[in-house]
Amino acid sequence: MTATSPTRAPEGVRKDFPADLSASIAVFLIAMPLSLGIALATGAPLQAGLVAAAVGGIVAGRLGGAPLQVSGPAAGLTVVTAELIQRYGWRTTCAITVLAGVCQLGLAALRTARSALMVSPAIVHGMLAGIGVTIALAQLHIVLGGTPQSSAVANVLGLPAQLADLHPVALGVSALTLVVLLGWPRLPGRAGRALRKLPAPLAAVAAATAFAALAGLSLPRVDLPSWRSHALPEMPEGPVLGLIAAVLTITLVGSVESLLSAVATDKLIASERGTDNRPPRADLNRELRGQGAANIVSGALGGLPITGVAVRSVANVKSGAASRKSSMMHGFWVLLAAFLLVPLLDLIPLATLAALVMAVGVQMVSITHLRSVTRHREALVYGTTIVAVVLGGVLEGVAVGIAVAVALALHRLARTRITLERTADGVHRVRARGQLTFLAVPRLSRVLNQIPHDAHAVVELDGSFMDHAAYETIQDWQQSHLAHGGTLEVTGRSGQAARINGADPAAADRTGSPHGADGADGAERAGGGHGAERGHDTRHGEGGHQADRSRRGQHRGTHQCCRPWTPWQNHCDHRATSTRTATSTAATTAAAAAAAAATDGENGSGDGGSPDVSLAPRRRGAGQLASGISAFQRDTAPHVRDELARLAREGQQPSQLFITCADSRLVTSMITASGPGDLFTVRNVGNLVPLPGAESTDDSVAAAIEYAVDVLKVDSITVCGHSGCGAMQALLSSAPGVAMTPLRRWLRHGLPSLERMGSRHHAWARISGRLPADAVEQLCLTNVVQQLEHLRAHESVARRLAEGTLELHGMYFHVGEAQAYLLSEGEDFFDCRVFDTVGQHA
């Protein structure tokens, strides 16, 4: 996510100045009370919060890679900083901040910024929630009129005594602060709209301060000492390992929080503004470099550690900031206030700042995050991280969270479900779901040995990995079962059965196919049906077809990378058509005497023993089609004939309507592992669903929807988009005033998707774990969401949805990655519609 700052003309800079000025004032009004409150919560000198706010705005704002992100002291580092101050003292903590900044510069030089985003979101959100709980518990004591303890556990244990010794004055001022803070955004009417332009934190602090001053209340207040006595860093003193751990903790937490805030700010800008009014996207390595420089300066001047702050960044964007000058000016305002507004700042009650920071801590425990991690089955990681951070500290909590995440991933990797069932016709079916490792060997062996020696068995392997121990277990049992007169079929992902068969030539000689064709090869050649998608190896106790294999091997040629589509040879040979044609002709001539019939079928030559070179170009047309049909009739038809005959008798009963693009790279049966009768498929350019009654509407799509929903009674409808969609590229590059063609008239149904992508009133769409690669991918994702909205406008769909008998799903297939993504329910923390990866055990 690199950004190149465009050269701005002086007129543009002058035009942006009013917006940047107003935004800087709004951010300044938020930053002042929060900076003082965070300094109070850490136990640092109160000036340290102002120093960090000024340096974060000026230095990080100027050097950082996220133009509209605002940096300063943040709640995420409060607990860490408080622990360091208690252990090493304030001046050593300043030196640790400087060293953390140096580490951030080193990480930026190594271009590792994006690696910080690889940490599981459950761990990051758990860490922030744990920090929020710790902050809230500590500040609660100040709200009640007491003093916080040294740890979260001590704060919990000390609450009964604190409640027994309440200070009504401090409690009343804190309560007033919280009431104004929470109620300010909800002020009604025209007057409320005008008042809401003042930030809620500033309004809360101002109201509580004015009340305390006018009422003449006696309670602890802010006391900013003279800048002449301001403490600067000293050489670190203490255990070397402890100091290294402290530096790494500040580096880790500050970097991750800054980078996540930068990404969140990018998303907010994209949702709020059009493409012509956006600053460049964040350069994460530059942002990390700016954060490092800011921490060096802040620590050297006696300030708190600095990180990107989401609350201030959101305020900056929503206030209309146009460039990084807004963040820099906010830093100057903080600097001026620190020198000129000291008498006013000294009137603020400490209980007011404590209530403000406590509210921030509570908000860090986000219900949205909890729902997200629960939906992704990572609640255990999230909860464990929170508990570990509260009980042990930030670094320890993150380490525990990573350990639990790794253990959970290994558990899911090693978890295998093996079942055995006996069907009505006497077939024993073994199903192995998951990865087959040595951990699953005892269960696998026990289940296989329950099958009688003379029975017909079907072993279904549904996993992408099998280690040597599991392989040998299946191989040994297979040989024993066949030796005792049993029959066997092994099905699974394409290619697994071939590996099992090929490992033992003796066993291969004994195996055969009851259909007269080798099952593994036939299935790999098949383009449709369940056997084709999953691989199908049929074994029989008697006879073999080694000669048949040899003969068919000549038909297949040497292209093995894209079976079962080898007969077309459009996926492995990327040479020019003339070269391919010449090679095909030469191969035909060489093989004519030995295998004329085979050569005819593969290369599209003329009949008889002598090839007709003039017919070689037919391979790109009728010859290709005939060759593919021949392969189907020979290898696939015997395996699917019974199933197709059943469907012919009973009629189609698909479970799903699948609407996707006409792009030739999308093979629906392949990416969904579906077979005959499973999907009722509609394909068109751009996977578009015209709105009912739309201008130049196409009734063919509406007719298919009505037929699928009302006649076939499908259970769900899926709209599937894909990467590199030519229709979306055409929409992005379309120019007004161009003559209408049939294609352009059809693409008008995609204009709502283009409008949705540029609208600030709709949620963004993205892939889980990353931002869209470019505008085309963004539109491809947005188009899926928009076409689902179009589906809901169809009467038959709306009726079934209201009845609760129909589901709608969004899907995105990345062609280059061969990865499918499903649209998750709802929106994430940043109001984005998220496409999640579909794992092997979904």
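Quick note: structure is the one above.
Scope of this entry: the structure provided in the associated data block. (Residues numbered from 1 in each chain as written. Predicted model: local features only at pLDDT ≥ 70, side-chain atom pairs only at ≥ 80, totals over all residues. Heavy atoms only, no water.)

Overview of the overall build of the protein chain
The condition that has to hold: Each helix corresponds to a stretch of at least 4 residues labelled H or I by DSSP, and each strand to a stretch of at least 2 residues labelled E; elements are numbered beginning at the N terminus. A simple rule labels every residue: compare its accessible area, found with a 1.4 Å probe on the protein chains alone, to the largest value its type can have, and call it buried under 20%, exposed over 50%, or partly exposed in between. In what follows, residue pairs with any heavy atoms lying within 4.5 Å of each other are defined as contacts. Accessible surface area values rest on a Shrake-Rupley calculation with a 1.4 Å probe, where residue burial reflects the displayed protein chains alone.
In terms of regular secondary structure, the protein chain is built from 35 helices and 14 strands. Going through the 842 residues of the protein chain one by one, you find that 50% of them count as buried. Counted over contacts in the protein chain with a minimum sequence separation of 6, partners at least 24 positions apart contribute 75%. On the protein chain, roughly 37900 Å² of surface is accessible, and the fraction owed to carbon and sulfur atoms is 61%.

Brief notes about the pairing of strand β13 (residues 819-823)
Which entries qualify depends on this criterion: In this analysis, strands are considered paired if DSSP registers two or more bridges between them.
Strand direction decides the pairing type here: strand β12 (residues 807-814) and β13, joined by four bridges, are antiparallel. Its bridge partner being in β13, Tyr812 is matched across the sheet by Tyr821. Counting the residues in the hairpin turn of β12 and β13 gives four residues, including Ala818, whose phi is positive at 50 degrees.

Some thoughts on the side chain of Gln291
With respect to the secondary-structure elements, Gln291 resides in helix α11 (residues 284-300). With residues up to four places along the chain from it excluded, the contact list for Gln291 reads Ala60, Gln69, Ser71, Gln104, Ser258, Ile306, Thr307 and Gly308.

Focus: the packing of helix α2 (residues 46-63) against α11
Convention followed: The convention used is that axes are lines fitted to C-alpha atoms, helices contributing only their stretch in contact, and that angles between N-to-C directions extend from 0 to 180 degrees. Handedness of each helix crossing follows the sense of rotation of the near helix against the far helix: counterclockwise by less than a right angle gives left-handed, clockwise gives right-handed.
It is the contact of α2 with α11, at a shortest axis distance of 8 Å, that shows an interaxial angle of 145 degrees. Helix-helix and strand crossings are classified by hand; for α2 and α11 the assignment is right-handed. Packed against α2, whose contacting residues are Val51, Ala52, Val55, Val59, Ala60, Arg62 and Leu63, the element α11 presents Arg286, Gly290, Gln291, Ala293, Ala294, Val297 and Ser298 at the interface.

Describing a nonpolar patch on the surface
So the rule is basically this: The patches reported here contain residues having more than 30% relative accessible area and no salt bridge. Joining distances are 9 Å for like charges and 5 Å for nonpolar side chains (Val, Leu, Ile, Met, Phe, Trp, Tyr). What makes a salt bridge here is a side-chain nitrogen of Lys or Arg within 4 Å of a carboxyl oxygen of Asp or Glu, nothing more.
On the surface, Phe332, Leu335, Leu336, Phe339, Leu340, Leu341, Leu344 and Leu347 cluster together into a nonpolar patch covering about 770 Å² of accessible area. Counting residues per element, the nonpolar patch draws most heavily on helix α13 (residues 325-340), which supplies five residues. Along the chain, Leu341 falls in the loop between α13 and α14 (342-345). On the accessibility criterion, Leu341 (33% relative accessible area) is partly exposed.

Let's talk about helix α18 (residues 394-414)
Note the following rule: Every helix has an expected span of 1.5 Å times one less than the residues it contains. Throughout, the arc means that of the directions going from the helix axis to the C-beta atoms.
For α18, built from 21 residues, the straight-helix expectation of 30 Å at 1.5 Å per residue is met to within 8% by its first-to-last C-alpha distance of 30 Å. Turning to α18, its buried residues number three or more, namely Val394, Gly397, Val398, Gly401, Val404 and Leu408. Down the axis of α18, the buried side of the element spans an arc of 125 degrees, and every buried residue falls inside it.

Regarding unusual backbone geometry
A positive phi angle is found at Arg377, which is not glycine, with a value near 60 degrees. Relative to the helices and strands, Arg377 is located in the loop between α16 (367-375) and α17 (379-392). Look at Arg377 and you get exposed, because its relative accessible area is 54%. Positive phi outside glycine occurs at Lys713, with the angle close to 55 degrees. For Lys713, the location among the structural elements is in the loop between α30 (699-711) and β10 (716-722).

Regarding the pattern of salt bridges
Counted under the stated rule, the structure contains 12 salt bridges. A salt bridge links Asp710 to Arg799, with the shortest nitrogen-to-oxygen separation between them at 2.5 Å. A residue pair is termed long-range when its members are at least 10 positions apart, and Asp710 in helix α30 and Arg799 in helix α35 (residues 795-803) qualify at 89 residues. Several salt bridges share partner residues, and in doing so they unite Glu421, Arg429, Arg431, Arg433 and Glu460 into one network.

Focus on the packing of helix α5 (residues 121-143) against helix α6 (residues 152-164)
Spelled out, the test is: Three categories are distinguished: nonpolar for Ala, Val, Leu, Ile, Met, Phe, Trp, Tyr, Cys and Pro, charged for Asp, Glu, Lys and Arg, and polar for the others, with Gly belonging to the last.
Between α5 and α6, the shortest axis-to-axis distance is 9 Å and the interhelical angle comes to 35 degrees. In the crossing of α5 with α6, the sense of the turn from one axis to the other is left-handed. Residues Thr134, Leu137, Ala138, Leu140 and His141 of α5 touch α6, and the partners they reach there are Ala152, Asn155, Val156, Gly158, Leu159 and Gln162. Residues that form the contact of α5 with α6 fall into these classes: six nonpolar, five polar and no charged.

Some details on the side chain of Thr437
In this structure, Thr437 sits in the loop between β4 (428-433) and α19 (441-448). For Thr437, the residues in contact, after removing those within four places along its chain, are Phe465, Asp467 and Ala470.

Considerations on helix α3 (residues 78-88)
The buried count for α3 comes to eight of 11 residues, which makes it a mostly enclosed element. Every buried residue belonging to α3 is among Thr78, Val79, Val80, Thr81, Ala82, Leu84, Ile85 and Tyr88, and all of these are buried.

Here we look at the nonpolar core
Generally speaking, a soluble globular protein has its nonpolar side chains buried in company with each other. Just so we agree on the cut-off: Nine residue types can take part in a nonpolar core, namely buried Ala, Val, Leu, Ile, Met, Phe, Trp, Tyr and Cys, and a core is a set of them joined through side-chain atoms within 4.5 Å.
Core analysis: the largest hydrophobic core is formed by 46 residues, its most contacted members being Leu36, Leu50, Leu224 and Leu304. For this core, the leading source of residues is α2, giving 10 residues. Discounting chain neighbours no more than four positions away, the residues touching Leu304 are Ile38, Ala39, Thr42, Ala44, Ala48, Gly49, Ala52, Pro73, Thr81, Trp90, Thr97 and Ser298. Residues Cys661, Val709, Ile767 and Leu823 belong to the second largest nonpolar core, which totals 40 residues.

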